Amino acid sequence: MTDFDSVELDLASRDAACLWHPATHFRDLESLPPLPIAAAEGCELITSAGERILDGISSWWTCLHGHGHPRIVEAVSKQAARLDHVMFAGFTHAPAVELAERLLAHAPREASGESAYGKVFYSDCGSASIEVAMKLSFQSHLQRGEPQRRRFATLANSYHGETMGALSVCGADAYRELFSPLLLDVVQLPAPNFPGHRHADLAEGRGHDDAAADAACALLDAHAHELSALLIEPVVQCAGKMAMTGTGYYARICEHAQSLGIHVIADEIAVGFGRTGRLLTTDWTSLRPDMICLSKGLSGGVLPLAATLLRRGFEDDFKGAPSRSFMHSHTFTGNPVACAAGVASFDMLVDERIPALAPKIAAMARALESVAADCPEVRAWRQAGFIGALELEVDAEAVAGGRLGLALRRAALEAGVLLRPLHDTIYWMPPLIAGEAEIERLREASVKAIRQVCRAGESTKTHHRR
Ligand SMILES: Cc1ncc(COP(=O)(O)O)c(C=O)c1O
């Protein structure tokens, strides 16, 4: 046994004795225990055994510039030495101001050319930014004399986080169902799903005339009087098996909601920061949501940080008597170190990452197509920017005892790549610095995983091709 092995064993057993991991069944811990990670560099995680694993999903869609980018590391360490933290009520600091200025300057613009957004409200995780947006929406209507606007509309299959308010507006049953007795009563809208969505569709406005868009608009009409806001993940429902709903659908139902006085809250937590090839996915439309929620890539993916961007003038409803102020105060609001990471990350994103994305997006399309050509189990592949997904058609029960995602994840890890398939959907969301070599590793690991898992029970497997 090498030293590395014993370190790994020791950490794994100490972990098992004291920790409870998210989104992990205790039953699965024996077959796939948490892997001790000692370091990370660029697109790779390095285990305490010294193995390098390609981070094919940017560690839950966070790191944009890879791990340990020297500019972010420097910004964080300098900031931590200068000012680590100060409460954000009654105090301010340069990193918070500098990051907010950048976000507003690059947010969607009015026809006049000025930013359509006027304020940034910081919080510390995506769910919190959603809670902030929901509360702001309700309070704004209330203070405008419309207290009956207290329900929220959301899309089927959506995901907005797992605190109670955010969970209430999730459409995906897997997260919501168990807790439904505790949750807000929402209006759920149908959404289209284009299993063969292509990157070029983003500019085409797909979904505008879809029957689901008609039905969603009709539901908005029917509930307009009581709706406070519509929450929506622009185009890609990431946790919802990377379902792609189309820019046309997105723009149409949001514009319709706004015409009815319903706020639009765009959840760009996962799809913002270049993931679909532009800074925001909203940038593929001319829409100006009332609020935009950001997190994950906001700090470059290295520290917890979130923000809710507000349309210019939104704050006017909160002026006047002290009782009209917004009471929401997370302890780590606007943490200076996280904001400093955000400033360093944002500049690199705008100057270096986004301008370099087009050929990488094309390379990813070729790789997805090639996996589909090599594996008849791939029913459809789809893409929006640097997000790709392969939807499989296999008998999950026969080949993996119903735990298809887990089996594929294990097989991909054996091939040196972190993938975390969502049941029958393998997806790729690597750091934006990933190039052809990394895309090739994603391709190879996906083919290996599909072959290894889906052909395990050759006699019982069903193959379909569309
Ligand atoms: C679209 C979307 N909204 C909200 C969230 C919640 O963010 P957090 O996990 O930081 O609370 C997520 C997390 O995956 C997400 O993908």
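An account of the accompanying structure is given in this report. Owing to the predicted nature of the structure, the values given are computational and were not obtained by experimental measurement.

1. Here we look at helix H9 (residues 211-223)
- The first and last C-alpha atoms of H9 sit 19 Å apart over 13 residues, in line with the 18 Å expected at 1.5 Å per residue.
- All of the buried residues along H9 are Ala-213, Ala-216 and Leu-220. Summarising the axial view, the buried residues of H9 lie within an arc of 65°, below the 170-degree limit, and thus occupy one face. Away from its buried face, by an angle of more than 90 degrees, H9 presents the exposed residues Ala-211, Asp-221 and Ala-222.

2. Points about the site of the ligand
- Inspection of the region around the ligand gives 14 residues, with Cys-125, Gly-126, Ser-127, Gly-161 and Ala-270 positioned closest.
- Taken together, the residues that form the shell around the ligand break down as seven nonpolar, five polar and two charged.

3. Observations regarding helix H3 (residues 70-82)
- The end-to-end C-alpha distance of H3, which contains 13 residues, comes to 18 Å, matching closely the 18 Å that a straight helix rising 1.5 Å per residue would cover.
- For H3, the set of buried residues is Ile-72, Ala-75 and Gln-79. Axial view of H3: buried residues confined to an arc of 65°, hence all on one face. Turned more than 90 degrees away from the buried face of H3, the exposed residues are Pro-70, Glu-74, Ser-77 and Ala-81.
- For H3, the elements touching its buried residues are helix H4 (94-106) and helix H11 (336-353).

4. Observations concerning unusual backbone geometry
- Unlike most non-glycine residues, Ser-58 shows phi in positive territory, near 50°.
- With respect to the helices and strands, Ser-58 occurs in helix H2 (residues 58-61).
- Here the phi dihedral of His-423 falls at roughly 55°; this positive angle occurs in a residue that is not glycine.
- Residue classification places His-423 among the partly exposed positions, given that 17 C-beta atoms sit within 10 Å.

5. Concerning the packing of helix H14 (residues 404-414) against helix H15 (residues 436-454)
- Their axes nearest at 8 Å, the elements H14 and H15 cross at an angle of 130°. Here H15 runs oblique to H14, going by the angle between their axes. As H14 runs across H15, the sense of the crossing is right-handed. Where H14 approaches H15, its residues Ala-407, Leu-408, Ala-411 and Ala-412 are matched on the opposing element by Ala-445, Lys-448, Ala-449, Gln-452 and Val-453.
- Tallied by class, residues from the contact of H14 with H15 come to seven nonpolar, one polar and one charged.

6. Observations regarding the nonpolar core
- Core analysis: the biggest nonpolar cluster contains 128 residues, and Leu-230 and Leu-309 have the highest contact counts within it.
- When residues in this core are grouped by element, the largest group, nine residues, is from H11.
- Each of domain 1 (3-68 + 356-454) and domain 2 (74-354) gives at least three residues to this core.
- Setting aside chain neighbours within four positions, we find Leu-230 in contact with Ala-153, Cys-254, Ala-257, Ile-262, Val-264 and Ile-265.

Rules of the game
Residues numbered from 1 in each chain as written. Predicted model: local features only at pLDDT ≥ 70, side-chain atom pairs only at ≥ 80, totals over all residues. Helix = DSSP H or I, 4+ residues; strand = E, 2+ residues; numbered from the N terminus. Expected span 1.5 Å × (residues − 1). Buried ≥ 20, exposed ≤ 12 C-beta atoms within 10 Å, placed from the backbone. Arc of directions from axis to C-beta. Near = placed C-beta within 6 Å. Nonpolar A, V, L, I, M, F, W, Y, C, P; charged D, E, K, R; others polar. Contact = placed C-beta atoms within 7 Å. Axes fitted to C-alpha atoms, helices over the stretch in contact; angles between N-to-C directions. Parallel < 35°, antiparallel > 145°, perpendicular 65-115°, else oblique. Left-handed = near helix turned anticlockwise from the far one by under 90°. Core = buried A, V, L, I, M, F, W, Y, C linked by C-beta atoms within 7 Å. Domains from an automatic or database assignment.

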